[in-house]
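# Overview (structure and organization)
Spelled out from the first residue to the last, the chains are:
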Amino acid sequence: MAGFVGIVVSDPWLQNQFTQVELRSLKSHFISFQKNRSNPKTCDFTLKDLSSAIANLKNLSLTEEERTRFLEENLSELEIRQLDFERFLQVYLKMQGKAGSKGSTTSAFLKAATTTLLHTISESEKAAYVNHINNYLGEDEFLRKYLPIDPLTDDLFEISKDGVLLCKLINVAVPGTIDERAINTKNALNPWEKSENHTLCLNSAKAIGCTLVNIGTLDLAEGRPHLVLGLISQIIKIQLLADINLKKTPQLVELVGNSQEIEELMSLSPEKILLRWMNFQLKKGGLARQVTNFSSDIKDSEAYACLLSVLAPECRTKPHPMDVKDLLERAKLVLEHADRMGCKRYLSPKDIVDGSPNLNLAFVAHIFQKRNGLSTQIKQMSFLESQFEDDALVSREERAFRLWINSLGISTYINNVFEDLRNGWLLLEALDKVHPGIVNWKLANKPPIKMPFRKVENCNQVVKIGKELKFSLVNVAGNDIVQGNKKLILAFLWQLMRYNILQLLKNLRFHSHGKEITDADILIWANSQVKSSGRFSRMESFKDKSLSSGIFFLHLLSAVEPRVVNWSLITRGETDEDKKMNASYIISVARKLGCSIFLLPEDIIEVNQKMMLTLTASIMYWHLKRPVTDTRSQQLDCETGSLSESTSNLTSDDSASDSSADDSVI
């Protein structure tokens, strides 16, 4: 294991788009491609060479004509001739996005929406999302001068260019995610202020569970339709699926029979729960077949007709949809039934007949919100309450770690770390993202894994790698992860997250001189920054109770970027309400700067030491990676050098966060 060498590319973002398995396969393919080019003497590639090479790659179901056209549109003749491995990877990513947008029928919107690079959009989806925005943001004080948006125009993309609409839409989806005091809302924003809004939007979107691939602030500033619409799609669907879980809608327990099935239901994604709910209602209505997707299975409207008859029989009229043979007319009758229930239309009759997965998913989710037809008199409620009481102690950390892992760009979206990580595969992927090449994929077992001992093998490798990285894993075995031990899983994830940020800091600047960055280094850096700005607040440790007021972090943010904090909005942090206002503002301001963080205001108020460390380290990382003048750079080098020397004898157990497996859950 120690000698296992991975493939590393110079662009960290590009590195994070692939596992080592994929990189090795693509590298091998590229080398073969080099050997077999049509003109090896000149070392140049041709368009035909590249098109033929890409034809042999997996997950690219494009015709030769489509491949050639795509390459001509995206690469110059010179770029093709001088193609290197990294450019080859970029081309592969883009073409993968095009192939996915062409053939995908999945409803797993969280992975797919922003990856498409085919520059066409669904007019039906645009119209549905525009209507949603008009309904939910029409009365917003700032946006009402721009709304309602006409779905027949491209005004949506123009209005989105300043970032305000997208930020406010995120708050509609998950209220309180963005402190609106941090949004720049002047009538005429300069490019810097717009960029801050876009940065705040993207970091906040990640913090609510959006998967952002191949999208940046420039894409939002330019209002690129396919990327903006993909982001809006994710945000809206997060809103529509927010209540489809046992915690928000405990009546869902009616779908299962015993405690074991309840635990299984708790681990399902919202889409799968929605399908199970739909089939539960269809069975009540006497429909023999089951619905397995939100596309082909509901094109004939039979499932919709049955579902609405069960949920709202009083809204039925003649003729019954199933008495009509024409599919478009049948779908029209279904939507009229939904209108009488008070459901918003997210799709047209044609969208039903065409099997539009995103719009059908949104429609069913809205029906669920309006009327789920479930009973509140369920015996299993007491079991459910005990589950959530236990989960309350760890739910915030589980949420933070889940969102962080999803942000790494792993292959499968994680809905619950305690269930989804138990086979070890996704943990191996996360480890490979954090430390490329450390996983021996030849010893790994890829899902689906039927034999329990194969899961244990994966998790044993996870534990082994953790020990190589000097994680505290005393008496921890792979079987503990397979069994879903919450405390140990959270302990491992915390140490992995902490390792990731410390490595980012270590690799960021040459002034580390190859020495490890410690928690104490981060603590000293933060205090040094605040002191040098003329402020007198101080953090004694990441458990310092005075941090709950938020004043120290506001001083720190102001020290690294003086213009970012509006002091007229700040309270003294003496009351609980004042503390919450400050904490909410701190998180939004940090994201506005460019920090990718996943904590909640409660983490600051309660001084969760893990989250205090990650917040401080994220601010430090953002500050140090900025271009600086030579004088300032030398000063930082001197500061960090002295910090490294003064703390070189500290171990992670001696550090300010006191992080270990034993006290990982607080």
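Parameters and conventions
- Residues numbered from 1 in each chain as written.
- Predicted model: local features only at pLDDT ≥ 70, side-chain atom pairs only at ≥ 80, totals over all residues.
- Heavy atoms only, no water.
- Salt bridge = Lys/Arg side-chain N within 4 Å of Asp/Glu carboxyl O.
- Buried < 20%, exposed > 50% of the residue type's maximum accessible area, 1.4 Å probe, protein only.
- Core = buried A, V, L, I, M, F, W, Y, C linked by side-chain atoms within 4.5 Å.
- Helix = DSSP H or I, 4+ residues; strand = E, 2+ residues; numbered from the N terminus.
- Phe/Tyr/Trp six-rings, centres within 6.5 Å; stacked < 30°, edge-to-face > 60°.
- Contact = heavy atoms within 4.5 Å.

## Overview of the pattern of salt bridges
A full pass over the atoms with the stated rule returns 25 salt bridges. Between Glu419 and Arg422 there is a salt bridge, with the nearest N and O atoms lying 3.1 Å from each other. We classify Glu419 as partly exposed; its relative accessible area is 30%. Among the residues examined, Arg422 registers a relative accessible area of 27% and is labelled partly exposed. A salt bridge links Arg626 to Glu561; the shortest N-O distance between them is 3.2 Å.

## Considerations on the nonpolar core
The biggest cluster of nonpolar side chains holds 171 residues, and the ones touching the most others in it are Leu231, Leu274, Trp277, Met278 and Leu431. Looking at this core, the element that brings in the most residues is helix H26 (residues 486-508), giving 11 residues. Residues Ile7, Leu26, Ile54 and Leu71 belong to the second largest nonpolar core, which totals 18 residues.

## Here we look at the packing of aromatic side chains
Under the counting rule described, the total for this entry stands at seven aromatic pairs. Their ring planes at 70° and their centres at 6.1 Å tell us that Phe471 and Tyr499 sit as a pair that is edge-to-face. Residue Phe471 is found in the loop between helix H24 (452-468) and helix H25 (478-482), and its partner Tyr499 is found in helix H26; the two are separated by 28 residues along the sequence. Its relative accessible area of 9% is what places Phe471 among the buried residues. Here Tyr499 falls in the buried class, since its relative accessible area comes to 13%. An angle of 75° between the planes, with centres 5.8 Å apart, marks the rings of Phe552 and Phe553 as edge-to-face.

## Regarding the side chain of Ser558
Among the structural elements, Ser558 can be located in helix H28 (residues 551-560). Excluding anything up to four places from it in sequence, Ser558 contacts Arg535, Val565 and Trp567.

By themselves these figures say nothing about function.
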